[in-house]
Amino acid sequence: MVDVLLGLQWGDEGKGKIADFLTPQYDVVCRFQGGPNAGHSLEFHGQKHVLNTIPSGIFHPGIQNLIGNGVVIDPVKLLAEISRVEAAGVDVAASLLISKKAHLILPTHRLLDQALENAKGATRIGSTLRGIGPAYKDKTGRTGLRIGDVTLPGFEQRYHAVAAFHKQNIEYLGLTDFDLDAMNAEFFAAVDGLRRFTQVDSEYWLHEQILAGRKILAEGAQGSMLDVDFGTYPYVTSSNTISGGACIGLGIAPRYIGKVSGIFKAYCTRVGEGPFPTELLDDTGEWLRKHGNEYGATTGRPRRCGWIDLVALKYAIMLSGVNELIMMKSDVLSSMSEIKAGIGYEDVDGTTDQIPFGIAQKDIKPVYQTFEGWQEDITTARNVETLPATLQTYVQFLEQFFRIKLRIISVGPSREQTIIQ
Ligand code: GDP
Ligand code: IMO
Ligand code: MG
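Residues numbered from 1 in each chain as written. Chains lettered and ligands numbered in written order. Predicted model: local features only at pLDDT ≥ 70, side-chain atom pairs only at ≥ 80, totals over all residues. Heavy atoms only, no water.

1. Structural notes on the domain arrangement of the protein chain
Per the domain assignment, the segments of the protein chain are domain 1 (2-100 + 200-260), domain 2 (103-194) and domain 3 (266-420). The interface is formed by 26 residues belonging to domain 1 together with 23 residues belonging to domain 2. The largest contributions to the domain 1 side of the interface with domain 2 come from V72, P75 and V76, which together make up 28% of the buried area. Our count for the contact surface shared by domain 1 and domain 2 stands at 1 salt bridge. Note that R110 is salt-bridged to D74, the shortest N-O span being 2.9 Å. Applying the counting criterion to the domain 1 and domain 2 interface returns 7 residue pairs in polar contact (both at pLDDT 80 or more). Ranked by residue count, the leading element in the side of domain 1 that touches domain 2 is helix 2 (residues 75-87), at 6 residues. Each residue belonging to the side of domain 1 that touches domain 2 can be placed in one class, and the counts come to 13 nonpolar, 10 polar and 3 charged. (Domains from an automatic or database assignment. Contact = heavy atoms within 4.5 Å. Buried area = accessible area lost by both parts, 1.4 Å probe. Salt bridge = Lys/Arg side-chain N within 4 Å of Asp/Glu carboxyl O. Polar contact = N/O pair within 3.5 Å; in protein donor to acceptor, adjacent residues only side chain to side chain. Helix = DSSP H or I, 4+ residues; strand = E, 2+ residues; numbered from the N terminus. Nonpolar A, V, L, I, M, F, W, Y, C, P; charged D, E, K, R; others polar.)

2. Examining the site of ligand 1
Taken together, the neighbourhood of ligand 1 is formed by 20 residues, with G14, K15, S41, D331 and S410 sitting nearest. K15 is positioned such that a nitrogen or oxygen atom in its backbone is 2.7 Å from an oxygen atom of ligand 1. Here G16 contributes a backbone N or O atom positioned 2.8 Å from an oxygen atom of ligand 1. When ligand 1 sits alone it has 580 Å² of accessible area, and the protein chains cover 94% of it. Elements with a minimum of two residues in the shell around ligand 1: helix 1 (15-22) and strand 3 (40-44). In the shell around ligand 1, the residues fall into 5 nonpolar, 7 polar and 8 charged. (Near = heavy atom within 4 Å. Areas by Shrake-Rupley, 256 points an atom, 1.4 Å probe, with all protein chains shown as cover.)

3. Examining the state of the cysteines
Here the structure, examined in full by the defined rule, presents 0 disulfides. Cysteine C268 shares no disulfide, and the gap to the nearest cysteine sulfur, in C305, comes to 9.0 Å. Classification of C268 as buried rests on a relative accessible area of 1%. (Disulfide = S-S within 2.5 Å. Buried < 20%, exposed > 50% of the residue type's maximum accessible area, 1.4 Å probe, protein only.)

4. A look at the site of ligand 2
If you check the shell around ligand 2, you find 20 residues, and the closest are D12, K15, H40, T128 and T237. Within the side chain of R301, a nitrogen or oxygen atom sits 2.9 Å from an oxygen atom of ligand 2. Within the complex, 97% of the 550 Å² of free accessible area of ligand 2 lies under protein. Here the residues of the shell around ligand 2 are counted per class, giving 7 nonpolar, 10 polar and 3 charged.

5. Details of the coordination of the magnesium ion (ligand 3)
The protein atoms donating to the magnesium ion (ligand 3) are D12 (OD) and G39 (O), with metal-donor distances spanning 2.0 to 2.2 Å. Placement of D12 in the loop between strand 1 (2-7) and helix 1 and of G39 in the loop between strand 2 (28-31) and strand 3 is noted, with a sequence separation of 27 residues between them. (Donors = N, O, S within 2.8 Å, 3.2 Å for Na, K, Ca; no water.)

6. Brief notes about the sheet that holds strand 9 (residues 198-200)
Strand order in the open sheet made by the 10 strands is 9-7-5-2-10-1-11-15-19-20, with mixed pairing throughout. Each having just a single partner strand, strand 9 and strand 20 (418-420) make up the two edges of the open sheet. Strand after strand, the sheet turns through a mean of 25° between neighbouring axes, direction not considered. Against the sheet, helix 1 touches strand 1, strand 10 (216-219), strand 11 (257-265), strand 15 (324-328), strand 19 (406-410) and strand 20, its axis set at about 155° to strand 1. Each of strand 11, strand 15 and strand 19 is contacted by helix 12 (residues 389-402), which is oriented at about 145° to strand 15, the strand it contacts most. (Pairing = 2+ DSSP bridges. Axes fitted to C-alpha atoms, helices over the stretch in contact; angles between N-to-C directions.)

7. Let's talk about the pairing of strand 10
Neither face of strand 10 is open: one carries I216 and A218, the other L217 and E219, and all of them are buried. Of the strand pairs in this sheet, strand 1 and strand 10 are connected by 4 bridges, and their pairing is parallel. Opposite D3, over in strand 10, you have L217 as the bridge partner. Direction of pairing for strand 2 relative to strand 10: parallel, over a ladder of 4 bridges. Paired with V29 across the strands is L217, a residue of strand 10.

Quick look at the structure:
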């Protein structure tokens with residue numbers, strides 16, 4: 001069976017930490033969408049690691065990690081990431097498989113991302129500028145190149161034809177200050193560097209694993225509210241981040257999907273532009289950013305902070321059929337006398353508990369419910385019974401609100417700061 005672990009908000013929920021924590025229960029850990037726009041942080045033995053394209057099972061010996069067909073790969077970035085992980089003592093070649101069908105991010109995709117964002121001006125998405133959107137556009141536009149293509153005759157010619165077309169568009173959009181020859185050289189060197197890693201027909205390989213009874217974890221990237229179909233469009237990423245994305249991004253039939261675990265922070269963050277109804281633009285927002293260390297793992301950008309949004313969470317849970325919840329960073333809220341949760345949206349048309357179409361154009365005010373905070377440090381708590389009564393009450397409220405068990409409560413960035421109930 002394939003269990004899915006995914007973010008229910010706007011990304012950065014703590015997927016990396018939990019995927020790493022859960023890996024010992026699995027034989028295979030896969031990424032199924034996104035690319036190096038993701039930044040998944042893991043912390044153990046006092047060391048922090050950030051992964052972008054490599055699945056978060058990589059630090060556990062004996063586990064296979066697969067970059068699925070739904071992922072977009074930037075060879076330059078992936079090779080650099082592999083070097084970092086190898087420097088930490090991991091035999092990456094022995095434990096990483098790459099789907100032949102994963103699409104490539106070309107240097108010109110990165111430039112296009114930049115040129116398109118510049119051209120959008122005030123309506124920019126706030127992209128990570130990793131070339132994600134342009135690469136997926138080429139995939140669905142049927143002009144993309146896949147990593148398996150590097151072994152086929154004529155790859156260089158195909159690459160240069162695509163890059164030349166991109167170059168015209170980039171220059172048309174007004175970006176001219178780049179050295180494409182240098183970028184091409186870096187790209188081909190990275191493609192060569194990746195040849196020692198095993199490429200597989202991953203849909204067949206995964207099917208064999210399933211038939212052999214192996215347990216597979218599909219690790220989502222980004223978050224449900226950044227899903228290209230269901231997120232706050234157009235302020236979204238370019239892939240399907242919800243559980244259905246795991247079927248497409250790995251070639252797994254829906255009947256093999258087992259548990260779907262949804263991760264959320266005890267508050268809410270968003271990086272980049274786009275609607276965020278419960279955003280706090282005041283001192284409390286600044287307080288959350290500081291105490292939660294809310295700066296992007298990939299880009300270092302300050303994350304926008306706000307109260308937890310139960311309207312958006314309920315929507316994300318519905319879309320993915322989430323049957324187990326995981327709450328992160330409740331330790332960050334320690335010392336707040338009261339905390340709030342958005343339970344509805346109000347605009348000129350009235351109050352709703354659904355995500356309205358055209359949310360980006362609406363002026364929405366959240367309806368809040370207030371809870372008593374927990375004043376003590378909980379970072380050393382290791383079981384639910386030792387958590388403050390107010391936090392336990394809050395957990396029970398959430399479980400009743402969603403009618404789903406909150407299985408894991410995370411009280412710090414490290415592996416051991418994890419409570420299972
Ligand atoms: P991901 O993209 O979903 O994997 O999340 P990120 O790694 O981008 O962001 C989560 C951040 O919160 C990282 O810096 C983690 O080390 C940190 N983190 C994860 N869980 C907790 C927690 O329970 N408490 C605290 N204080 N930090 C956490
Ligand atoms: P992880 O996996 C948070 C956001 C960007 C931008 C929008 C589109 O670490 O949770 P893109 O580069 O995909 O074109 O950007 O999506 N975004 C993320 N925000 N966490 C992420 O990944 C993100 N990946 C993309 O900030 O608003
Ligand atoms: Mg992240």
